[in-house]
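The primary structure of each chain is shown beneath.
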Amino acid sequence: MTEFKNFTSVHAMLQATVERCRDRAAYRTIVDPVAGRIESVTWGEFDAEVRRVAKSLVHLGVEPGDKVCVLSYSCYRWALVDVAVQSIGSCTVGIYQSLLPKDCRYIVDHSDAVLVFAQDAAQLEKLRQIRDEIPRIRRVVMFSDAPADDGWVMSFESFLELGNGVDDAEIDRRIAAVTPDTPAAIVYTSGTTGIPKGAVLTHDNITFTAESVLYSVDIVDGDEGMLFLPLAHIFARTCLFTGLIAGSPLTFARSIETLADDFKIAHPHWFPSVPRVYEKVYSKIVSGAEAKGGLALAIFRWACGVGDRVSDCLLAKKPVPALLGLQYSIATKLVFSKVHEALGGRVRWCISGGAPLNPTIGKFFHAAGVLILEGIGMTENTSFTNVNRFDNYRFGWVGPTGPGIEQKVAEDGEVLYRGRNVMKEYYKMPAETAETLTPDGWQHTGDLGDIDDVGFLRITGRKKDLIITAGGKNIAPSAIEGLLATSKYISLVCVVGDRRKFLTALLSLDPANVEAWARAEGIEFSSFAELSSNPRVVDLIRREIEEKNKELASFETIKEFRIVEEFTIENGLLTPTMKVKRAQAIARYNDVVEGMYRES
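Residues numbered from 1 in each chain as written. Predicted model: local features only at pLDDT ≥ 70, side-chain atom pairs only at ≥ 80, totals over all residues. Heavy atoms only, no water.

Chemist: Describe the packing of aromatic side chains, and please don't skip the residues or the numbers.
Modeler: All told, the structure shown has 25 aromatic pairs when counted by the stated rule. With 6.4 Å between their ring centres and 85° between their planes, Y106 and Y188 make a pair best called edge-to-face. With Y106 in helix α4 (residues 101-110) and Y188 in strand β8 (residues 183-188), this pair connects stretches of sequence that are 82 residues apart. Accessibility classification places Y106 together with Y188 in one group, the buried group. Within the aromatic cluster, the residues linked to one another by ring pairs are F228, F263, F271, Y278, Y282, F364 and F365. Here the guanidinium or amino end of R500 rests over the ring plane of Y597, the centre of that ring lying 4.4 Å away. (Phe/Tyr/Trp six-rings, centres within 6.5 Å; stacked < 30°, edge-to-face > 60°. Helix = DSSP H or I, 4+ residues; strand = E, 2+ residues; numbered from the N terminus. Buried < 20%, exposed > 50% of the residue type's maximum accessible area, 1.4 Å probe, protein only. Lys NZ or Arg CZ within 6 Å of the ring centre and 35° of its normal.)

Okay, structure coming up:
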């Protein structure tokens, strides 16, 4: 039976780590990528800085229960402010740095926030555009790019000076007043099916979940992690707090765009990611091998075959035959070592969450010696319920629950959870809360799934996304979309077919791979939009889909498709967690969809 420490607060959890690891590195920031220079703070230094930020918050009049927004990409100061806000009984509200001003306004206003921390000038400009609509905001504190203090905007350095006169006794009083049931964060859902809802997560939600994750993964002494997911998403925050309770140093990547370089600087042993990143790495590796062609491509394919057989042995928990082991050593030296080098050279495992990971991609990385442990969670349960284990995993499944978490499947196939990871409520949305949480504590997830006799969970779809064809077939589109996206020429997919005779798809292309193919084929084009409509490109995508259709049941196959513009956050078709907003996409391209069915 797992023994939980039952911390009273996030601050108490931090103190346990500080006592154990005071002089060890806690967080690292890449300050000079050319020289590979990283700045680190120890756990003791982090604790002192948390206290200093807490004093400045108190000076600005932030009271227990007040909401403080952070509008920024993941960075050290995001983590620092988060823990400081929570330590004095206030509540952090993260906002994705990619959101448009109107979406920022909704969260700032709905959460009743009194203060905003902003990343840079670009984020400040969003706030200036909506200033008249967020009258509760007293000050904006800049992480960087701070203009002169104008009474509303101030630099982080000036902010830190504010707390110099605040008494330590007041901070101690605030810290002592926090209970496990005190709200620590409001995390807004990405809004795939409507307006975002703010899940209220308590200190107990956060500390319990961090412990449950820690007991489910394999972080050993000396392991270091890297974080590049947005901390506005609870998946990233849960990984942050898991690193905190483990005392595992965490390096903040500079951006998604700099990941290739940041991996080589940080050299992480573990990291969390969403499937989209693994898909892009997979596509780049495969397209790179195919671009070389000849002997290099033959060696790559041979190595993949060897790795696949080794993967089968490991999955079956059988010893790898000596000859196969020798071949794998050669394959690793010639091919797979490059995959490890691209990830910094020390990765032992990584986690995939936020959306389904195609088993083909999980198996490919496993064959290359990189173990991706798929898990599942959602905002409403602190982003953790299940995860595959380091020594017990399957591809296509999300594993057993973490310690202290119950799961069951309702009669209609919906997966339900109960545990201390489940949110307190939706902020100011009692009706939606009642629909999601049962009186006896079970959380409705909207996911459909199967649980086997040893507790492994497999997600088969989403209730709201489920396609029921005119012939009565129930189809979960996410698995089909994931399969199609394994094509290096396809970026994102939205499968259509509810109440229709067959399935069709709206899809966007991978610009780099499609352009490279077109140049090799001698196709001239002046823009990517022109290239996307080229008949030869359309034929290429049709062949790719026909090949993927071979892996599907006849009623699951894509009979027709249309290439559309890229799904992005800016055009409203993609959530900040990189999921296609299905209803919005179908509505946006309604004429295109109707045209596919008329023409077919």
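Chemist: For the nonpolar core, give the residues involved together with the corresponding values.
Modeler: One finds Y27, L57, F117, F156, F159 and F228 to be the most contacted residues of the largest nonpolar core, which totals 112 residues. It is helix α3 (residues 76-87) that contributes the most residues to this core, eight residues altogether. With residues up to four places along the chain from it excluded, the contact list for Y27 reads E39, S40, V41, W43, F46, Y76, L240, L244, L250 and F252. Membership of the second largest hydrophobic core comes to 38 residues, among which are L99, Y106, I130 and I234. (Core = buried A, V, L, I, M, F, W, Y, C linked by side-chain atoms within 4.5 Å. Contact = heavy atoms within 4.5 Å.)

Chemist: Account for the sheet that holds strand β6 (residues 139-142), naming residues and giving values.
Modeler: Spatially, β7-β6-β5-β3-β4-β8-β9-β18 is the arrangement adopted by the eight strands of the open sheet, whose pairing is mixed. Every interior strand has two partners, whereas the edge strands, β7 (153-155) and β18 (425-426), have only one. Packing against the sheet, helix α5 (residues 121-129) makes contact with β3 (67-71), β5 (113-118), β6 and β7, and its axis sits at approximately 170° to β6. In this fold helix α8 (residues 203-214) packs onto β8 and β9 (198-202), with an angle of close to 70° to the strand it touches most, β9. (Pairing = 2+ DSSP bridges. Axes fitted to C-alpha atoms, helices over the stretch in contact; angles between N-to-C directions.)

Chemist: How would you sum up helix α9 (residues 234-246)? Please name residues and give values.
Modeler: Across its 13 residues, α9 extends 18 Å between first and last C-alpha, which sits within 8% of the 18 Å expected from 1.5 Å per residue. Listed as buried for α9 are I234, F235, A236, R237, T238, C239, L240, F241, T242, G243, L244 and I245. Among the residues trailing α9, G247 stands out with phi positive, at a value near 70°. (Expected span 1.5 Å × (residues − 1).)

Chemist: For a nonpolar patch on the surface, give the residues involved together with the corresponding values.
Modeler: Residues W302, L323, L326, I330 and L334 make up a contiguous nonpolar surface patch of about 480 Å² in total accessible area. Residue contributions to the nonpolar patch peak at four residues, all from helix α13 (residues 322-342). Relative to the elements of secondary structure, L334 occurs in helix α13. What makes L334 partly exposed here is its relative accessible area of 42%. (Patch = residues over 30% accessible without salt bridge, like charges linked within 9 Å, V, L, I, M, F, W, Y side chains within 5 Å. Areas by Shrake-Rupley, 256 points an atom, 1.4 Å probe, with all protein chains shown as cover. Salt bridge = Lys/Arg side-chain N within 4 Å of Asp/Glu carboxyl O.)

Chemist: Any details on the environment of N392? Residues and values, ideally.
Modeler: Tracing the chain through its elements places N392 in the loop between β15 (386-387) and β16 (406-409). Separated by 173 residues in the primary sequence, N392 and I219 have C-alpha atoms spaced 15 Å apart. Beyond its immediate chain neighbours, meaning those up to four positions away, N392 contacts K317 and F456.

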